[in-house]
Amino acid sequence: MRTLDLETEFKRLEDLIVTSESFFLAGHLNPDGDTIGSMLAIASVLKRLGKKVRLFSQDPVPENLRFLPHAKSIRSRLPSFKTKFDAAILLECSTPARGGDLEPVLKRAGKVVNIDHHKTSEFYGDINIVEPHSSSTAEIVYRLFYNMNVHVTKREAACLYTGIVTDTGRFHFPATSPRTLEIASRLLETGFKFSRVNDLLYATKACEGLKILGRALESLELKAGGKLAVLTLKASDFEDFDARSEHSENVINYGLMPPGVKAAVMFREEEERISVTFRSRGHLDMSVVAKAFGGGGHRNASGCRIKGGLPAAREKVLAVLTRLLA
Ligand SMILES: [Mn+2]
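Residues numbered from 1 in each chain as written. Predicted model: local features only at pLDDT ≥ 70, side-chain atom pairs only at ≥ 80, totals over all residues. Heavy atoms only, no water.

A. Highlighting the coordination of the manganese ion. Note on the manganese ion: its protein donors are D34 (OD), E92 (OE), H117 (NE2) and D167 (OD). The metal-donor distances range over 2.0 to 2.3 Å. Each donor residue of the manganese ion lies on the same chain, and together they follow the pattern D-x57-E-x24-H-x49-D. Of the two residues, D34 sits in helix 2 (residues 33-48) while E92 sits in the loop between strand 4 (87-91) and helix 3 (103-108), which places them 58 residues apart along the sequence. (Donors = N, O, S within 2.8 Å, 3.2 Å for Na, K, Ca; no water. Helix = DSSP H or I, 4+ residues; strand = E, 2+ residues; numbered from the N terminus.)

B. The arrangement of the packing of helix 4 (residues 137-147) against helix 6 (residues 178-189) in detail. Helix 6 packs onto helix 4 with a crossing angle of 65° between their chain directions and a minimal axis gap of 11 Å. Crossing hand, helix 4 versus helix 6: left-handed. For the pair helix 4 and helix 6, the contacting residues are E139, Y142, R143 and Y146 in the first and R179, T180, I183, R186 and L187 in the second. Per-class residue counts for the contact of helix 4 with helix 6 are 4 nonpolar, 1 polar and 4 charged. (Axes fitted to C-alpha atoms, helices over the stretch in contact; angles between N-to-C directions. Left-handed = near helix turned anticlockwise from the far one by under 90°. Contact = heavy atoms within 4.5 Å. Nonpolar A, V, L, I, M, F, W, Y, C, P; charged D, E, K, R; others polar.)

C. Main features of the pattern of salt bridges. Under the counting rule described, the total for this entry stands at 18 salt bridges. R186 serves as the salt-bridge partner of E182, at 2.7 Å between the closest nitrogen and oxygen. Taken as a pair, E182 and R186 lie in helix 6 at a separation of 4 residues, close to a single helical turn. Since its relative accessible area comes to 40%, E182 is described here as partly exposed. (Salt bridge = Lys/Arg side-chain N within 4 Å of Asp/Glu carboxyl O. Buried < 20%, exposed > 50% of the residue type's maximum accessible area, 1.4 Å probe, protein only.)

D. How the structure looks around the sheet that holds strand 2 (residues 52-56). Overall, parallel pairing links the 6 strands, which are arranged 3-2-1-4-5-6 in an open sheet. Sheet topology places strand 3 (74-75) and strand 6 (127-130) at the edges, where each strand pairs with a single neighbour. Taken together, the 4 bridges between strand 1 (residues 22-26) and strand 4 define a ladder with parallel strand orientation. Each residue of the ladder has a partner; that of F23, found in strand 4, is A87. Where helix 4 meets the sheet, its contacts fall on strand 4, strand 5 (111-116) and strand 6, and the angle it forms with strand 5 comes to roughly 120°. (Pairing = 2+ DSSP bridges.)

E. Here's a closer look at helix 5 (residues 154-167). End to end, helix 5 covers 20 Å across 14 residues, agreeing with the expected 20 Å (1.5 Å per residue, within 8%). The complete set of buried residues in helix 5 reads E156, A157, A158, C159, L160, Y161, T162, G163, I164, V165 and D167. Buried residues in helix 5 make contact with helix 2, helix 4, helix 6 and helix 7 (194-202). (Expected span 1.5 Å × (residues − 1).)

F. A look at the sheet that holds strand 9 (residues 263-270). The 6 strands are arranged 7-8-9-10-12-11 in an open sheet whose pairing can be described as mixed. With partners counted over all chains shown, the strands left at the sheet margins are strand 7 (221-223) and strand 11 (296-297), one partner each. Of the strand pairs in this sheet, strand 10 (residues 273-280) and strand 12 (residues 301-307) are connected by 7 bridges, and their pairing is antiparallel. Bridge pairing in strand 12 links T277 to G303. Lying over the sheet, helix 11 (residues 310-325) contacts strand 7, strand 8 (228-233), strand 9, strand 10 and strand 12, oriented at roughly 170° with respect to strand 9.

G. The layout of surface pockets, seen in detail. One number sums up the size of the second largest pocket: a volume of about 350 Å³. Lining the second largest pocket are 15 residues, with S245, E269, E270, E271 and R273 sitting closest to its centre. Secondary-structure elements contributing two or more residues to the lining of the second largest pocket are helix 9 (235-241) and strand 9. For the lining of the second largest pocket, the leading source of residues is strand 9, giving 3 residues. (1 Å grid on protein atoms, 1.4 Å probe; cavity = no way out; pocket = protein on both sides within 12 Å on 5 of 7 lines; lining within 4 Å. Points joined across faces, edges and corners; volume = space filled by probe spheres on them.)

H. Summary view of the packing of helix 5 against helix 7. The geometry of helix 5 relative to helix 7 is characterised by a closest axis approach of 11 Å and an angle of 45° between their N-to-C directions. If you check the angle between helix 5 and helix 7, you find them oblique. The crossing of helix 5 and helix 7 is right-handed. Residues A158, Y161, T162, V165 and T166 of helix 5 lie in contact with helix 7, whose contacting residues are F194, V197, N198, L201 and Y202. Split by residue class, the contact of helix 5 with helix 7 holds 7 nonpolar, 3 polar and no charged. (Parallel < 35°, antiparallel > 145°, perpendicular 65-115°, else oblique.)

I. Representation of the nonpolar core. L13, L25, I115, F145 and L187 are the most contacted members of the largest nonpolar core, which totals 50 residues. No other element matches the 8 residues that helix 2 contributes to this core. Residues within four places of L13 in sequence aside, it is in contact with V113, I115, I127, I129 and L144. In terms of nonpolar packing, the next biggest core, distinct from the first, is built from 21 residues, V265, I274, V276 and L310 among them. (Core = buried A, V, L, I, M, F, W, Y, C linked by side-chain atoms within 4.5 Å.)

J. How the structure looks around the side chain of E156. You can see E156 is positioned in helix 5. Among the polar contacts listed, one links the side chain of E156 to the side chain of S44, at a separation of 2.4 Å. Those residues within four positions of E156 in sequence are excluded, and the remaining contacts are A41, S44, V45, R48 and H151. (Polar contact = N/O pair within 3.5 Å; in protein donor to acceptor, adjacent residues only side chain to side chain.)

Listed below in structure tokens is the structure:
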């Protein structure tokens, strides 16, 4: 039933694309490779179809993703109140608020489309393509292009590949399916610079990022009888190295490395709030934990933001995690 609904939604989106002229595209706060890659690929196809496209990300595109074609066209300022769009497409936003202060634009948009693979996604769109079995939003976007009979260019392939490879942790996480690899293979067939993209994504790291990684690893603590790894980055750590929050991206994954660890949590001190990210292996559901604190995400990767100071946030979150792991 679910599949049938999804196919209907795909068809409705195809019709909407054909009949609309102007599009607003937005991704989530602290955008990642999947959000940016998916957004740029859709924008490129829409432009090739002769449509007007406005790309928005409230937070800036992380430095390691700026090599993606037309990444500069993503703006962090909302369009003026006079601008109206036939359609607003939100990528990877389980709620509209995940995209920032989009309300003024969404209110004026003809139709709102929600494309997401988070199981916590709320069906807030006029069209909802929510597919939690997809490894990435880029995989869903590829399916959309395929259904539309759109030929994918090298540049679009590089964008979609970036979304897939980053969201699957280089085809490592359980969400990687035979279909994921098949899509990656088809993208490779376009002849985009596969090795160069991998180099830029995985063999290039800003000095600030390396330093922050070192600090985070030094902070590693094991709790709950060795089942929980805790990483903590204070605001002062970022100040010491002149680093920004994007420099700590993926650091959390190191938490799962010690043998016996079932879940990892990372606390990051930001202005007036604490950003908390969760990772787990197997069936341990971290999306529930994130949701309990107003966040969201997947079973094995989720996050939330908690107002207030670091000690209080740590205490609250660690209490929940320790109970879960007991
Ligand atoms: Mn994603």
